[in-house]
Amino acid sequence: MPPRLETVLIGVDLTAPSLAGAKWAATTFAPEARLVLAHAVETSPLRRFLPVRDAKRKESEVRAEAKKRLEALRDEVGAERCRIVVAEGSPGNRLSELAREEEADLIVVGAHREGMAGGLIGSIVSTVLGSATMPVLIAHAPPAGRPKQVLVAIDESPVRSEVLAWATLLAEAFEDMTGEVLSAVQPPGVSVNTTLFSSEEEYRKTRDQIVERTRKWVRGRADNAGLDGDRFAAGAVYGRPELEIALAAERIEADLIVLGTRGHTHGHALVLGSVSRRVVEASTCPVLIVPPNEPR
């Protein structure tokens, strides 16, 4: 099924980074979509540490405050297209459940955990990424306005078709957006330059030929997807994909990264591969994680 942006579920944890990401997604990334603004209240900690009566009172207060703040956000981004949901349960899992119930085309979650070495993915974001069955936009450090530069990372896995379809959808939505479609040639796990080639020069020449063939392959896939070469360059690099994607995003000053995942388990949960996870952890801009297409 072709991608669409008709219904978007935005998970809000009410922190400043989360609210910033929610506002950007609602007003700039998906300005025409029907929105579900959702907050999940995890009550089990209150019940463990407070007497029953005090826990119930505090839960009621938390839900009321969450509803109040979501209503303020709704009024700010356009009340006529927003629905508010204050749910109970583990936030990551409940957001994924709500997205399925609402038949959402996309889940938006706020910034991953900040201020920690390596940019570790926060627990809510990690759980959403592990349980979602639709694309997830991690709205970390959103740009001031519309995304103007996008990095689209693809490889030979089947999900590249969905990644390119989403890139095409965004290119149509943001007519002034440009960027690069990139594929990284993964180095083998052995020192090929000393074991397979007679000289370093022969190794480098062969490597460069492989990279150039990959670049032409990328150009062909981008053209087939409708990504105009005047707007979207085709790139190929030799190196570890997660590192090269991060470096390329920095090089082109990307406002958005789009890449795919390995797929789903038999339980239909999204399996976030090591490349996708590391890109999310290292990102300094929003990242759209696209799973393989599945029937609704």
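Structural data are supplied above this passage.
Residues numbered from 1 in each chain as written. Predicted model: local features only at pLDDT ≥ 70, side-chain atom pairs only at ≥ 80, totals over all residues. Heavy atoms only, no water.

**Student:** So what's going on with the environment of Glu156? Which residues, and what values?
**Tutor:** For Glu156, the location among the structural elements is in the loop between strand E6 (149-153) and helix H6 (160-173). Using a relative accessible area of 66% as the deciding quantity, one classes Glu156 as exposed. C-alpha of Glu156 to C-alpha of Val218: the two residues are 62 residues apart in sequence and 9.7 Å apart in space. (Helix = DSSP H or I, 4+ residues; strand = E, 2+ residues; numbered from the N terminus. Buried < 20%, exposed > 50% of the residue type's maximum accessible area, 1.4 Å probe, protein only.)

**Student:** Summarise the pattern of salt bridges; cite the residues concerned and give the values.
**Tutor:** Throughout the structure, instances matching the rule amount to 16 salt bridges. The salt bridge involving Glu180 is made with Arg251; its shortest N-O contact spans 3.1 Å. Residue Glu180 is found in strand E7 (residues 178-185), and its partner Arg251 is found in helix H9 (residues 241-251); the two are separated by 71 residues along the sequence. Sharing partners across several salt bridges, the network here consists of Arg34, Arg83 and Glu102. (Salt bridge = Lys/Arg side-chain N within 4 Å of Asp/Glu carboxyl O.)

**Student:** Tell me about the pairing of E6, and please be specific about residues and values.
**Tutor:** For a regular strand, side chains alternate in direction, first toward one face of the sheet and then toward the other. Counting buried positions over the five residues of E6 gives four, a clear majority of the element. Sheet topology note: the E6/E7 ladder contains five bridges and is parallel. By the bridge assignment, Gln149 is partnered in E7 with Thr178. Taking the sense of rotation as the criterion, the β-α-β connection linking E6, H6 and E7 turns out right-handed. Here E6 pairs with strand E9 (residues 256-260) via three bridges, running parallel. Across the sheet, Val150 pairs through a bridge with Leu256, a residue of E9. (Pairing = 2+ DSSP bridges. Right-handed = clockwise from strand over helix to strand, strands pointing away.)

**Student:** Please provide a residue-by-residue account of the pairing of strand E12 (residues 287-290), values included.
**Tutor:** Of the two faces of E12, the one holding Val287 and Ile289 and the one holding Leu288 and Val290 are both buried throughout. Pairing geometry for strand E5 (residues 136-138) and E12, over three bridges, is antiparallel. When the bridges of E12 are listed, Val136 appears paired with Ile289. Examined bridge by bridge, E9 and E12 share four bridges and lie parallel to one another. Opposite Gly260, over in E12, you have Val290 as the bridge partner.

**Student:** Give me the nonpolar core: which residues, what numbers.
**Tutor:** Soluble globular proteins: nonpolar side chains tend toward being buried together. Within the largest apolar cluster, 45 residues are counted, with the highest numbers of intra-cluster contacts made by Ile10, Phe29, Val181 and Leu288. Not counting chain neighbours up to four residues away, the residues in contact with Phe29 comprise Leu5, Trp24, Leu106, Leu137, Leu170, Phe174 and Leu256. Counting 33 residues, the second largest nonpolar core, distinct from the first, contains Val109, Val128, Ala249 and Val279. (Core = buried A, V, L, I, M, F, W, Y, C linked by side-chain atoms within 4.5 Å. Contact = heavy atoms within 4.5 Å.)

**Student:** Hey, could you go over the side chain of Asp105 for me, with residue numbers and the actual values?
**Tutor:** Mapped onto the elements, Asp105 comes out in the loop between helix H4 (91-101) and strand E4 (106-109). We classify Asp105 as buried; its relative accessible area is 3%.

**Student:** Give me the lowdown on the side chain of Thr168, citing residues and values where you can.
**Tutor:** Mapped onto the elements, Thr168 comes out in helix H6. Looking at Thr168, its side chain comes within polar contact range of the main-chain oxygen of Ala225, at 2.9 Å. Those residues within four positions of Thr168 in sequence are excluded, and the remaining contacts are Ala225 and Leu227. (Polar contact = N/O pair within 3.5 Å; in protein donor to acceptor, adjacent residues only side chain to side chain.)

**Student:** Account for the sheet that holds E6, naming residues and giving values.
**Tutor:** Ordered by their spatial adjacency, 10 strands build an open sheet running E3-E2-E1-E4-E5-E12-E9-E6-E7-E8, and the pairing between neighbours is mixed. With partners counted over all chains shown, the strands left at the sheet margins are strand E3 (82-88) and strand E8 (232-238), one partner each. Neighbour-to-neighbour, the strand axes of this sheet turn through a mean angle of 20°, independent of strand direction. (Axes fitted to C-alpha atoms, helices over the stretch in contact; angles between N-to-C directions.)

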